[in-house]
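Structural features, examined
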Amino acid sequence: MPPIDQESNILCAELIVLNYLLNEFPETPSQNRTSQYTPSNNQYRLSFSIERDLVETLSFLSKNQDGSDYIPAVCVEQDKAGDHLKVLLAINKCSWNDGDDILRSLKERFEDIFHFLRDTEYGRRGGSQEIKAKIFELIISMCLPRILCRLRLAPSKRKGMRPSIKELLRIAIDGVGCISPQKIQRSNLAVTLSEFKSLSKEVIWLINNWLKHRVQSRLASILGSIRRLNKLPNLPDLLQLIPTGASGVVQDSKFASCLLNIISKVSRYRKAAGVLYKIAKNHPVVQNMKLLLATLPQEAYNRVDNPSYFPNFQEIGPLLGLINGHLYDSSRISQYMKLSKNQKDPSETFSREIQKTLKESKIHSEIQLIAYCEIESTPELFPRAIASSKDACFLCNAFIKTHGKLHTSRTHGKLYRSWRLPNLLQMKDLQKEFNRLLLNQARQIIGARAVGLGHIYPQPQYESTLPPLSVSSTTIKDSTSHVSSQKPEPTATENPITRTRPLPLSTDSSHLSHGIVPGKVSPYIPSTSNSVVFTFGLLEIHIHTETTSNPASAPASLTYSIERITLDGRDRLPDGSLVIDPLGLTKETLFELPMNNSLYISYQDVTLKLTSFPHPSANITPEM
């Protein structure tokens, strides 16, 4: 049995708790449907997008019970001969045999579905609806407790009994009836309104029918009608018009999003049946799926046991080193922590949270899958996509990126302090790299807070979201090819010590790239290029000139200056400054420049001041 790396594990726990106390939501919730890790290997029988959709469908079905414990995750691995797929399944675990009964039950249920996919005759005429119906029947049988809880026809473990989908639809029918006809007409929602009322009444009638005699066929009819409800065009627009508040039909302003969340998730069970049918029909390797429980060796779950260790908050400052050119002691760091009213002493809170992390932390299912694949998988056919039944937490998402071989589509951005890595030699180097990432994350937050630039993302409304599936339940492209992610060549830079990242938009030779030397100003730089790129470390700025359609009125050049600003712990930017935080940008955003035509861009420990002197017919749009 390999000895536990006490030092690395303790450091990881300390850094997790430090980041947790600095910001529980370090990342914005996001979805990423592409992958920069897709390998170029024609031995794969599935394209990356099909593998990803298969994994996400199976992971959705794998959470077949209510509750926040034992969150499952799935990835698939093709065998060398290309004859079958291994579906690898794991759940969050505290110890080696934790949740084994749940895993065995899931394996049995999945094997019922896989057995049917293997023995089905896909080519017979008129058989598609019959096959989909049978897959749907097996899915309902597997996920019945979860489906009833989603419909609120059974109590939730955490929230108890809540208003059922039947009651919510009744309220919604009354609510849409209170929308003014002018708003309906102006939004062109008359057809949606009529169909919503009709389908909602149908669902209510079907639920009443099911309550009298609870058979699976009647539940399938309910899910089918909800699926049609979900496909109504502009349904979110209609429900958002329901009057809310003290004078509205419903008081809860989140009523529409709650109802839409239920409808979309419940309708996914019917869609999952169609997706599995289409993928299996067009890709024979999927007809031969085998489920394997990705349980790690018992020693992987061993915990740190060091009676002499006691957390020392005073050591955090030296551990972090220089931030913005200054050392921060524990007293200064504690000013940037988000402590509750009961957590008055930062040192005591830090110590208590680390002790909890070391004693109670779980190895999340995604991390177990990564470790299992590192031990068992063939490097040439390493799994490419990984998905949990919930969006990945911040730490899992960060570790998946650190590992660099798998792709996950979603993160809710929340950091859980009860998180740890398995004790395996195969993970030793990854843990050291991950510790460096956590250290830099803490330094970045403290550095930003010190100059008043900290960004805290709000708590996501739902930690489980549904990404769109590229595999339609009605159409599919029968293709086994996939496009590998070719990274563009780095752009040349005038400063040999500045490393530039690949350009995210293009690598056209018309781009200019400037390396910014620390502490120096780039004086007024004229440019006749349509795009100019500035780089400093990991910060990369693209300046694009947008001209009028009339060439005669286009500016001959663009003039600007750019400099790095050095801020110590006492300095702040001038009042009224326009400060852009790249981590806070989730879409293209327009900013109005202040009167001095200057803006600041801050990322990690880099703060840049950009002053533009544009021709009146040109607009400056910075992009990060």
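About the cut-offs
Per chain, residue numbering runs from 1 following the sequence as it is written. Predicted model: local features are reported for residues with pLDDT of at least 70 only, side-chain atom pairs are reported and counted for 80 or more only, and whole-chain, interface and lining totals are derived from all residues. Values shown for side chains rest on all heavy atoms present in the structure; no hydrogens or waters enter the calculation. Each helix corresponds to a stretch of at least 4 residues labelled H or I by DSSP, and each strand to a stretch of at least 2 residues labelled E; elements are numbered beginning at the N terminus. Each residue's exposure class comes from its accessible area (1.4 Å probe, protein chains only) as a fraction of the maximum for that residue type: buried when under 20%, exposed when over 50%, partly exposed otherwise. Any two residues whose heavy atoms approach within 4.5 Å are treated as being in contact. Here the Shrake-Rupley method, with its probe set to 1.4 Å, supplies the accessible areas, and only the displayed protein chains count as covering residues. Per-residue confidence from the predictor is reported as pLDDT, which spans 0 to 100. Nonpolar core, defined: a set of buried Ala, Val, Leu, Ile, Met, Phe, Trp, Tyr and Cys residues in which side-chain atoms within 4.5 Å join the residues together. Salt bridges are defined by distance alone: a side-chain nitrogen of Lys or Arg within 4 Å of a carboxyl oxygen of Asp or Glu. Given a helix with a known number of residues, its expected span is that number minus one, times 1.5 Å. Only Phe, Tyr and Trp rings take part, Trp by its six-membered ring, and two of them pair if their centres are within 6.5 Å. Stacked means planes under 30 degrees apart, edge-to-face means over 60, and tilted covers everything else. A pair of strands is treated as paired once DSSP finds two or more bridges between them. For every element, the axis is a line fit to its C-alpha atoms; helices are fit only across the contacting stretch, and the angle between N-to-C directions ranges from 0 to 180 degrees. Polar contacts here mean pairs of N or O atoms no more than 3.5 Å apart (in protein, one a potential hydrogen donor and the other a potential acceptor; neighbouring residues in sequence count only if both atoms are side-chain atoms). The cut-offs work like this: below 35 degrees is roughly parallel, past 145 is roughly antiparallel, 65 to 115 is roughly perpendicular, and the gaps in between are oblique. Each crossing gets its hand from how the near helix is turned against the far one by less than a right angle, where anticlockwise is left-handed and clockwise is right-handed. The residue classification treats Ala, Val, Leu, Ile, Met, Phe, Trp, Tyr, Cys and Pro as nonpolar and Asp, Glu, Lys and Arg as charged. All others, Gly included, are polar.

Quick word on the overall build of the chain
Secondary structure summary: the chain contains 16 helices and 15 strands in total. Going through the 624 residues of the chain one by one, you find that 52% of them count as buried. In the chain, of all internal contacts separated by at least 6 residues, the share reaching a separation of at least 24 is 73%. Of the roughly 29800 Å² of accessible surface on the chain, 49% is carried by carbon and sulfur atoms.

A short note on the confidence of the model for the chain
Overall, the predicted model of the chain reaches an average pLDDT of 80, with 76% of residues at or above 70. Ranking the elements of the chain by mean pLDDT puts strand β7 (residues 512-515) last with 35 and strand β3 (residues 85-91) first with 97. This stretch, residues 474-529, has a pLDDT under 50; its non-local contacts, to residues over four places away or in other chains, come to 127 contacts. Scored below 50 in pLDDT, residues 614-624 shows 41 contacts in the model against residues more than four places distant or in partner chains.

Section: the nonpolar core
In this structure, L54, L58, L61, I139 and F196 are the most contacted members of the largest nonpolar core, which totals 85 residues. Considering each element in turn, this core owes the most residues, 16 residues, to helix α10 (residues 255-282). In this structure, L61 is in contact with F110, I139, M142, C143, Y269, A272 and L276, ignoring residues within four places of it in sequence.

Some points on the pattern of salt bridges
Overall, the coordinates contain 16 salt bridges when judged by the stated rule. We note a salt bridge from E202 to R228, for which the minimum N-O separation is 2.5 Å. Of this pair, E202 sits in helix α7 (residues 190-212) while R228 sits in helix α8 (residues 216-230), and the two are 26 residues apart along the sequence. The structure contains a network of salt bridges with shared partners spanning E353, E360 and R417.

Focus: helix α1 (residues 6-22)
In this model α1 runs 24 Å from its N-terminal to its C-terminal C-alpha over 17 residues, within 8% of the 24 Å that 1.5 Å per residue would give. Of all 17 residues that make up α1, 13 are buried, and the element is covered over most of its length.

A few points about the packing of aromatic side chains
Scanning the entire structure with this criterion turns up seven aromatic pairs. Here the aromatic rings of F110 and F114 are separated by 5.7 Å at their centres, their planes lie at 25°, and the arrangement is stacked. With F110 and F114 both in helix α3 (residues 100-119), this residue pair falls four residues apart, about one helical turn. Here F399 and F434 contribute two aromatic rings whose centre-to-centre distance is 5.3 Å and whose plane-to-plane angle is 80°, an arrangement assigned as edge-to-face.

Topic: the pairing of strand β2 (residues 72-78)
With seven of its seven residues buried, β2 lies for the most part within the structure. Burial of the side chains of β2 extends over both faces: P72, V74, V76 and Q78 are buried on one face and A73, C75 and E77 on the other. Sheet topology places β2 next to β3; seven bridges connect them, and they run antiparallel. Across the sheet, V76 pairs through a bridge with V87, a residue of β3. If you look at the hairpin formed by β2 and β3, you'll find six residues sitting between the two strands, and G82 has a positive phi there, around 75°. By the bridge criterion, two bridges tie β2 to strand β5 (residues 387-388) in an arrangement that is antiparallel. Counterpart to A73 in the pairing with β5 is S388.

A word on the environment of L15
By secondary structure assignment, the location of L15 is in helix α1. Residue classification places L15 among the buried residues on the basis of a relative accessible area of 1%. The contacts of L15, once residues within four sequence positions are left out, are L319, N435, L438 and L439.

Examining the sheet that holds strand β4 (residues 289-293)
The sheet built from four strands is open, its strands ordered β4-β3-β2-β5 with mixed pairing. Two strands close off the open sheet at either side, each with one partner strand: β4 and β5. Running over the sheet, α3 touches β3 and β4 and is turned about 170° from β4.

A look at helix α13 (residues 346-360)
Given a rise of 1.5 Å per residue, 15 residues ought to cover 21 Å, and the 21 Å separating the end C-alpha atoms of α13 matches this to within 8%. The complete set of buried residues in α13 reads P346, T349, F350, S351, E353, I354, T357 and L358. Buried residues along α13 sit in contact with α1, α11 (316-320) and α12 (330-334). Looking at where α13 begins, the residue whose side-chain oxygen comes 3.1 Å from the main-chain nitrogen of S347 is D345.

Remarks on the side chain of S598
Tracing the backbone shows S598 in strand β13 (residues 598-603). Contacts of S598, omitting those with residues within four sequence positions, involve L578, L593, K609, L610 and T611.

Structural notes on the packing of α7 against α8
Two numbers describe how α7 lies on α8: the axes approach to 9 Å, and their chain directions differ by 165°. Taken together, the axis directions place α7 and α8 in an arrangement best described as roughly antiparallel. Handedness of the crossing formed by α7 with α8: left-handed. Together, F196, L199, S200, E202, V203, L206, I207, N209 and W210 of α7 and R218, L219, S221, I222, S225, I226, R228 and L229 of α8 make up the contact between the two elements. Grouping the amino acids of the contact of α7 with α8 by side-chain chemistry returns ten nonpolar, four polar and three charged.

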